[in-house]
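Okay, here's what each chain looks like letter by letter:
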Amino acid sequence: MRPRHIPSILQFTKTIWLQAAECWREKQHTAVVVDGTVGNGHDTLFLAELVGERGHVYGFDVQESGLANAQERLETAQVAEHATLFHAGHETVADKLPEGTLVSGAMYNLGYLPGSDHAVITRARTTIASLQALLPVLMPNGIITVHIYTGHEGGTAEGDEVMAWSKTLSWKEYRVGRYDFPNKEINKEHLLVIEKL
Ligand SMILES: C[S@@+](CC[C@H](N)C(=O)[O-])C[C@H]1O[C@@H](n2cnc3c(N)ncnc32)[C@H](O)[C@@H]1O
């Protein structure tokens, strides 16, 4: 039995992004967003469709096989020209974005890529380095969503560190929201949402 009224983390994440896109449309803002963990490109496609004709997605992943799937997915949907995929760790984001780029939002989906090498996981040090590097180029009201999984080895430690890092962000400059299910006992997941003020 699934709940009817409480959104899943995935649904809640999409709601946040759709809300942001509504603001972009109202302000006729050309959105540039980052997909920090491209994997097979499901989220990259969602973002590429969201930013529309004039916007752009910069995607990062360390696994070439996933990136190839993502590229194909974007081409099939005819939005590939609105995305640039880097075979590089997201911790290099500041070096890879074109100079002067301001980012409207970034999405991170942590952990490992299902159906791929489960030993390749995101790690706190590089995840936090990437998040930290994004903050100065995040626009006012720009958002970062971080979906944290704890069901794999290293997942809880990464989640704890990312959460601890988020608590250090100044209340005057950022809001950090959190969405999760306190009574989920195994494979706990959390969504962190950061908005720059
Ligand atoms: C949960 S999966 C992402 C799923 C993806 N969003 C999708 O729609 O298929 C996590 C991804 O993070 C990638 N990853 C691990 N370390 C990374 C790093 N330092 N920089 C960028 N991606 C990394 C993994 O290769 C994996 O594809």
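Up top is the structure these notes are about.
Residues numbered from 1 in each chain as written. Predicted model: local features only at pLDDT ≥ 70, side-chain atom pairs only at ≥ 80, totals over all residues. Heavy atoms only, no water.

A. View of the pattern of salt bridges. Applying the stated criterion to the full structure yields three salt bridges. The residue Glu-189 makes a salt bridge to Lys-184 at a minimum N-O spacing of 2.9 Å. (Salt bridge = Lys/Arg side-chain N within 4 Å of Asp/Glu carboxyl O.)

B. Just the site of the ligand, in detail. Not every one of the 23 residues close to the ligand is listed here, only the nearest: Thr-37, Asp-43, Asp-61, Gln-63 and His-90. One nitrogen or oxygen atom from the main chain of Asn-40 is found 3.0 Å from an oxygen atom belonging to the ligand. Protein chains bury 95% of the 610 Å² of accessible surface belonging to the ligand in isolation. Of all the secondary-structure elements, those providing two or more residues to the shell around the ligand are α2 (42-51) and β2 (56-61). Of the residues belonging to the shell around the ligand, the class tally is eight nonpolar, twelve polar and three charged. (Near = heavy atom within 4 Å. Polar contact = N/O pair within 3.5 Å; in protein donor to acceptor, adjacent residues only side chain to side chain. Areas by Shrake-Rupley, 256 points an atom, 1.4 Å probe, with all protein chains shown as cover. Helix = DSSP H or I, 4+ residues; strand = E, 2+ residues; numbered from the N terminus. Nonpolar A, V, L, I, M, F, W, Y, C, P; charged D, E, K, R; others polar.)

C. Quick peek at the pairing of strand β4 (residues 103-109). Most of β4 sits inside the fold, with six of its seven residues counted as buried. In terms of strand pairing, β4 meets strand β5 (residues 138-149) through six bridges, oriented parallel. Residue pairing across strands places Tyr-108 opposite Val-146, the latter belonging to β5. Handedness of the crossover is the feature at issue here: the chain leaves β4, passes through helix α5 (residues 124-134), returns alongside β5, and the resulting connection is right-handed. (Buried < 20%, exposed > 50% of the residue type's maximum accessible area, 1.4 Å probe, protein only. Pairing = 2+ DSSP bridges. Right-handed = clockwise from strand over helix to strand, strands pointing away.)

D. Local environment of the pairing of strand β3 (residues 83-87). Across five bridges, the pairing between β2 and β3 is parallel. Of the residues in β3, the one forming a bridge with Val-57 is Ala-83. Considered for its hand, the β-α-β crossover made up of β2, helix α3 (residues 64-76) and β3 is right-handed.

E. View of unusual backbone geometry. Even without a glycine there, the phi angle at Gln-28 is positive, about 50°. Along the chain, Gln-28 turns up in the loop between α1 (9-27) and β1 (32-35). Since its relative accessible area comes to 65%, Gln-28 is described here as exposed. Phi is positive for Asn-141, close to 70°, though the residue is something other than glycine.

Shape is all these values report; function is a separate question.
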